[in-house]
Amino acid sequence: MSALRHEHRGGRVTPCPPLSGLSERGAHGVTRTTLVMLCLYIVLMAFSAIASEEAPRGGRSITDNSIQWPAPELIWRVATLQDYNTRVVFLGVSALSSAAGLVGTFLLLRKRSLLSDAVSHATLPGLALAFLIVEAAGGNGRALPVLLAGAAVGGVLGMTTVTLIRRFSRLKDDVALALVLSVFFGLGVCFIVAIQQLPTGNAAGLDHMIYGKAAAMSSGDAKLILGAGLVVALICIALFKEFRLLCFDENFAAVQGWPRILLDLMLMGLVVAVTVIGLQAVGLLLSVALLIVPAAAARFWSESLGKTAWIAAAIGLVSGWGGVLASALFPKLPAGAMIVLVACGVFAFSMLFGVRRGVWVRWREHRRVKQRVGHQHLMRACYELLESRANGQGSAGDFLGAGQIGFDELLRRESWSHHVLSGLLRVGQAAGFVATEGQNQFRLTASGRAEARRVVRNHRLWELYLIEHADVAPSHVHHDADEIEHVVDANIVARLEEMLSAGVAGTVVPVNPELSAPGGARS
Amino acid sequence: MNWTELDTWIVLTAALVAMACALPGVFLLLNRQSMLGDAISHGVLPGLAIAFLATGSRAPWAMLLGAVIAGVLTGVLTQWVQRFGQVEGGASMGVVFCFLFALGLILIRTAADHVDLDPGCVLYGSIETAVVDVNRVPRIFWISGAMLGVNALLTALFYKELKIASFDPDLATAQGISAVWVRNGLTIVTAITTVMAFESVGSILVIAMMVAPAAAASLLSHRLSVIMWLSLLLAGLAAVLGHVGALTIFPATLAKLGLGKTGATSTAGMMAVTAGVLFALAFAWSLVKDRFGRQTSGIRLPA
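Residues numbered from 1 in each chain as written. Chains lettered and ligands numbered in written order. Predicted model: local features only at pLDDT ≥ 70, side-chain atom pairs only at ≥ 80, totals over all residues. Heavy atoms only, no water.

(A) Highlighting the overall build of chain A. Summing up its helical and strand segments, chain A has 23 helices and three strands in all. Within the span of chain A, comprising 523 residues, buried residues form 51% of the whole. Nonlocal contacts in chain A, meaning residues at least 24 apart in sequence, comprise 72% of its contacts between residues at least 6 apart. By element, 60% of the accessible surface of chain A is carried by carbon and sulfur atoms, the whole surface being about 23,500 Å². (Helix = DSSP H or I, 4+ residues; strand = E, 2+ residues; numbered from the N terminus. Buried < 20%, exposed > 50% of the residue type's maximum accessible area, 1.4 Å probe, protein only. Contact = heavy atoms within 4.5 Å. Areas by Shrake-Rupley, 256 points an atom, 1.4 Å probe, with all protein chains shown as cover.)

Below is the structure:
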């Protein structure tokens, strides 16, 4: 065991592993990340400006007196945080949302994002009961530390219940979450209704906890949130490697001797902490958004956990800034909801244009692969058409230059539509593999012949390999080979050649065009 | 305890709503979509707000239409984000309902001067006032009854399809039953049920009744038909016991603990708690049975 431990590089915690990862990638990676972040920032600035501009327009038609478009100098003053009040709120909110982004990343990778929803709902009975107990004891139940402590207890209890149900019954995650969420929240509602009947007062302070009221944040509250947020972020950084192990290979972590359950509990504790300190800023119902949305958005920008975590923190920060900005300019708009809306805007943008997993990038990649596969199918269809016409006479390769290929003949061979085939032929023509010969007639050029030979050769080598070495039934081979031939590279083909003697079982493998016809070979 | 005729109507209405929720709840559980009720109940808020802003009144049909559209949209958007964005299911659901809920809060706040639309009312519900009616039999009672009837009818009609699609989607597709459409239909029924129910009893009770009876029943039996009847029974039981608890047990407990003298608490909240207690009992029973009892046979729920 200890030998294993030593082998695993850096048995101790190395703070901030993503930085070392960056240096391995070299300067290129760093500038690229920085650039992306910069672009993101600019886009977000624009977005939050637009978002705050849109809101009043919608509102003016309904309420004439309420929201006025503020003067440019006011926007500038608020955006650069020159007001003390805005600064305080921004400080608290940004510390909270970036810490939530960090924690949320681990939560997302563990596929437990909705756990935060159950935890946040479970805080309600905790904080209401804390209020009741402290009021009954003669204290001030509305004090923030009292409510937060109660909320934390409720959150931990809710999380424990989820874990117990998951562990000791065959019910699935979603059932456990929905159960805890609704039952705990129902209990909380019971307490709230009871509180409203008490002579000592209304539940106004508690309402802030449900819907959030960032604007009511005092500088003391902001400092409390800032401190808590920093502690959460520090724990995340310190335990970064352990959490990473937990996310990617839980069992490996256990085998390596890490206290898996303890680490899991730490992570869940951080979730509770973030939820609880988020109560005042964005409210119980939306603090879950800070844990889910920035992390999910960051996932589109990077495949590395380190970068994803930092991008998530940055997105959280920017959303916090945008939300505070909007609610400072338009006091009617609730800051918590604005923060979430900005974060969701970032998410939508990331989902479409994220450089790693965004829809646009994946669509482009998909199209590229489709084109390549289509091209290879076309080449093989041409080859096989000419081959069947030559009826096996003459050695491989002789018949290729001879014949013309009819459009309709090709269409009959494969399951192409008219549109797809003409598209493929256009691409082939542009690449110089296919030449037109009158109406609906084609012929392979010299380089096209070499390409067709190469494609068919790869395909048949694979067919042989699958029959001879992978024990695939001959009737299934064609389809399997079809899928695999598009991904093999030259090295593997060379190795296959060595492994298989040519001409096994009646299949004719064309000779390598690069050896037999140097003139027509592609470089 | 002072039981009036009003209390009878509260219990009857709540029982009908609870049973109407429990029916789709069983299939949500089998499809691993129990959180859908929660997501939809958050997601309908902008639908309500937009319906109000567009019509300028609280006409029930407009509110219902807006909410149902928003509810179905929650389900559809979640699937889109999951499919096109390749985001994990839970996270995509979280993103979607958080977005819609935040949007709804802002819309309501923007029009706050004119709107008498309290998000709190949507969450907690007020079945206590909903049953107060000029007629002898409150309108909400008939609505709830109709809802239960429709859900029961749909379940009976599509029982085979629902069963196959829940247990083995591939087999269902192979037999010509589109598992996707069964799922979509379930989403739509869930959305409509949620919206209809939460107007009267609050979304928290809806979520609880969609998951707790079905979960408890599935711990007690392995047969789908038994699970369905059991969850109906448990839902009705939770409604009755919940109202009694709200009137007596909860205030008594608070007073005994010295936390203050209060009257009856929220019926919807207490019904959710009761459903939770019933689940806890079923959970304990299943643990005891697993430990000491015979090994159960018959079909297992899908893992």
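Moving on from the model shown.
(B) Up close: the overall build of chain B. The number of helices and strands found in chain B is 14 helices and zero strands. Walking chain B from its N terminus toward its C terminus, one meets helices and strands in the order α-α-α-α-α-α-α-α-α-α-α-α-α-α. Counting the 303 residues in chain B, one finds 56% classified as buried. A separation of at least 24 residues holds for 76% of the contacts in chain B among residues at least 6 apart in sequence. Element-wise, carbon and sulfur atoms account for 67% of the exposed surface of chain B, whose accessible area totals about 13,000 Å².

(C) Spotlight on the nonpolar core. The biggest cluster of nonpolar side chains holds 216 residues, and the ones touching the most others in it are Leu179 and Phe347 of chain A together with Met209 and Phe279 of chain B. Here this core takes 17 residues from helix α8 (residues 173–197) of chain A, the largest share from any one element. Counting 24 residues, the second largest nonpolar core, distinct from the first, contains Phe407, Leu410, Phe442 and Val456 of chain A. (Core = buried A, V, L, I, M, F, W, Y, C linked by side-chain atoms within 4.5 Å.)

(D) Representation of the sheet that holds strand β1 (residues 405–406) of chain A within the structure. Residue and element names in this part refer to chain A. One open sheet holds the three strands; their spatial order is β1-β3-β2, and the pairing between them is antiparallel. In this open sheet, the two edge strands, each paired with only one partner strand, are β1 and β2 (434–436). Note: β1 against strand β3 (residues 441–444), two bridges, orientation antiparallel. Looking at the pairing, Gly406 lines up with Gln441 of β3. This element, helix α19 (residues 418–431), spans β2 and β3 of the sheet and lies at about 105 degrees to β2. (Pairing = 2+ DSSP bridges. Axes fitted to C-alpha atoms, helices over the stretch in contact; angles between N-to-C directions.)

(E) Local environment of the interface of chain B and chain A. Taken together, the contact between chain B and chain A spans 70 residues of the former and 65 residues of the latter. For the pair chain B and chain A, the interface holds zero salt bridges. Here chain B and chain A share seven residue pairs in polar contact (both at pLDDT 80 or more) between them. Of all the elements in the fold, those that place two or more residues in the side of chain B that touches chain A are α1 (5–30), α2 (36–43), α4 (60–84), α5 (89–110), α6 (119–124), α12 (203–220), α13 (224–256) and α14 (267–292) of chain B. Here the element with the most residues in the side of chain B that touches chain A is α5 of chain B; it accounts for 15 residues. Class assignment of the residues belonging to the side of chain B that touches chain A gives a composition of 42 nonpolar, 21 polar and seven charged. (Salt bridge = Lys/Arg side-chain N within 4 Å of Asp/Glu carboxyl O. Polar contact = N/O pair within 3.5 Å; in protein donor to acceptor, adjacent residues only side chain to side chain. Nonpolar A, V, L, I, M, F, W, Y, C, P; charged D, E, K, R; others polar.)

(F) Inspection of the packing of α2 of chain B against α5 of chain B at higher detail. Residues and elements named next belong to chain B. At a minimum axis separation of 8 Å, α2 and α5 run at an interaxial angle of 25 degrees. Put simply, α2 runs roughly parallel to α5. For the element pair α2 and α5, the recorded crossing hand is left-handed. Contacts between α2 and α5 involve Leu36, Asp38, Ala39, His42 and Gly43 from the former and Met93, Phe97, Leu100 and Phe101 from the latter. Here the residues of the contact of α2 with α5 sort into six nonpolar, two polar and one charged. (Parallel < 35°, antiparallel > 145°, perpendicular 65-115°, else oblique. Left-handed = near helix turned anticlockwise from the far one by under 90°.)

(G) Quick look at the pattern of salt bridges. Residue and element names in this part refer to chain A. Taken as a whole and judged by the stated rule, the model has 12 salt bridges over all chains. Two residues, Arg112 and Asp264, come together in a salt bridge whose shortest N-O distance is 3.6 Å. Of this pair, Arg112 sits in the loop between α5 (84–109) and α6 (115–136) while Asp264 sits in helix α13 (residues 260–282); the two residues are 152 residues apart in sequence, bridging distant segments of the chain. Overall, Asp264 belongs to the buried group, its relative accessible area being 17%. Members of the salt-bridge network, linked through shared partners, are Arg110, Arg112, Glu250, Arg260 and Asp264.

(H) Region of the structure containing the packing of α12 of chain B against α14 of chain B. Residue and element names in this part refer to chain B. Look at α12 against α14: their axes get within 9 Å of each other, and the N-to-C directions meet at 15 degrees. Looking at the two axes, α12 sits roughly parallel to α14. By crossing handedness, the relation of α12 to α14 is classed as left-handed. On α14, the residues that touch Leu205, Ala208, Met209, Ala212, Ala215, Ala216, Leu219 and Leu220 of α12 are Ala268, Met271, Ala272, Ala275, Leu278, Phe279, Ala282, Phe283, Trp285, Ser286 and Lys289. Across the contact of α12 with α14, the residue classes break down as 17 nonpolar, one polar and one charged.

(I) Looking closely at the environment of Ala15 of chain B. Residues and elements named next belong to chain B. Tracing the chain through its elements places Ala15 in helix α1. Since its relative accessible area comes to 11%, Ala15 is described here as buried. Distance in space between the C-alpha atoms of Ala15 and Leu237 is 7.6 Å, their sequence separation being 222 residues. When neighbours within four sequence positions are excluded, Ala15 is seen to be in contact with Gly236 and Ala239.

(J) View of the packing of aromatic side chains. All names here are of chain A. If you walk through the whole model with that rule in mind, you get 10 aromatic pairs over all chains. Pairing Phe349 with Phe353 gives two aromatic rings, centres 5.3 Å apart and planes at 50 degrees, and the pair type is tilted. One end of the pair is Phe349 and the other is Phe353, both in helix α16 (residues 335–353) and four residues apart, which spans about a single turn. Overall, the relative accessible area of 28% leaves Phe349 in the partly exposed class. Judged by relative accessible area, Phe353 falls into the partly exposed class, the value being 42%. (Phe/Tyr/Trp six-rings, centres within 6.5 Å; stacked < 30°, edge-to-face > 60°.)

(K) Broad picture of a nonpolar patch on the surface. Together, Val150, Leu153, Leu154, Leu157 and Phe158 of chain B give the surface a local cluster of nonpolar side chains, amounting to about 470 Å² of exposed area. Turning to its location among the elements, Leu153 of chain B is positioned in helix α8 (residues 139–157). (Patch = residues over 30% accessible without salt bridge, like charges linked within 9 Å, V, L, I, M, F, W, Y side chains within 5 Å.)

(L) Here's a closer look at unusual backbone geometry. Residues and elements named next belong to chain B. Of note, the phi angle at Arg32 is positive, near 55 degrees, even though the residue is not glycine. Mapped onto the fold, Arg32 is located in the loop between α1 and α2. Although it is not a glycine, Gln86 sits at a positive phi angle of roughly 50 degrees. Here Gln86 shows up in the loop between α4 and α5.

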